[in-house]
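# Notes for the structure review
One letter stands for each residue in the lines below.
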Amino acid sequence: MYLNMIKEKAILPTKWGQFVLVGFQENNRINSNHVALVYGNILITQKPILVRIHSECLTGDALFSLRCDCGFQLKQSMKMIASSGNGILIYHRQEGRNIGLLNKIKAYSWQDMGLDTVEANHKLGFSADERNFFVCSEILKKLKIKNILLLTNNPIKVLAMQTFGINVVKRISLVVGQNTNNSIYLNTKEKKMGHCL
């Protein structure tokens, strides 16, 4: 078994409504934890569930960075899930496309000198995106969810979910937070990483 589900669950009241916080831990990796924010009764309907896989971004999610669109996407996702009546936000703990926080800061430094996000990752010896979405499919299976509406601009997430046995009935765009500070970042996502913007 790849995942241990933490048995304790907790209520998470937010400005968009009350979510249930469920914790997961990857086997044999004590510091590798992920959470699912579950809204409403996800098992009561036969319809596909609205799901957002949100990869951790300390700078965008918690420190309000305008270098990316992550914080804007997190807020909009929670709002949309709450508005839909039920859904799941998976907070995927793979910071900086899974290069880690300190390497992400190094990548920022290279970006300050003119490189885009992909070039900066390559400069540090990483691929453009080091994330592994298998754990996200496992979380959905643990929650007994197999058919989803996936809230993403990233076709790789759609392909990953389908590869790992989750049926993506529809991809729903999430284009928010564009500003002068992240225009190159978003352009790189679209031109070099195939995001649908």
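Overview of the structure. (Residues numbered from 1 in each chain as written. Predicted model: local features only at pLDDT ≥ 70, side-chain atom pairs only at ≥ 80, totals over all residues. Heavy atoms only, no water.)

## Things to note about the packing of aromatic side chains
In this structure the tally under the stated criterion is two aromatic pairs. Considering the side-chain rings of Phe134 and Phe164, the 5.1 Å spacing of their centres and the 75° angle between planes classify their relative orientation as edge-to-face. Here Phe164 lies in the loop between helix 7 (155-163) and strand 7 (167-172) and Phe134 lies in helix 6 (residues 134-142), a separation of 30 residues in the sequence. With a relative accessible area of 25%, Phe134 lands in the partly exposed category. We note Arg67 situated over the ring of Tyr108; from NZ or CZ to the ring centre the distance is 4.1 Å. (Phe/Tyr/Trp six-rings, centres within 6.5 Å; stacked < 30°, edge-to-face > 60°. Helix = DSSP H or I, 4+ residues; strand = E, 2+ residues; numbered from the N terminus. Buried < 20%, exposed > 50% of the residue type's maximum accessible area, 1.4 Å probe, protein only. Lys NZ or Arg CZ within 6 Å of the ring centre and 35° of its normal.)

## Remarks on the state of the cysteines
All chains considered together, the criterion is met by zero disulfides. Free cysteine: Cys57, not disulfide-bonded; nearest cysteine sulfur from Cys70 at 3.7 Å. Cys57 sits in the buried class, given a relative accessible area of 4%. You can see Cys68 has no disulfide; the closest cysteine sulfur is in Cys70, sitting 3.6 Å from it. (Disulfide = S-S within 2.5 Å.)

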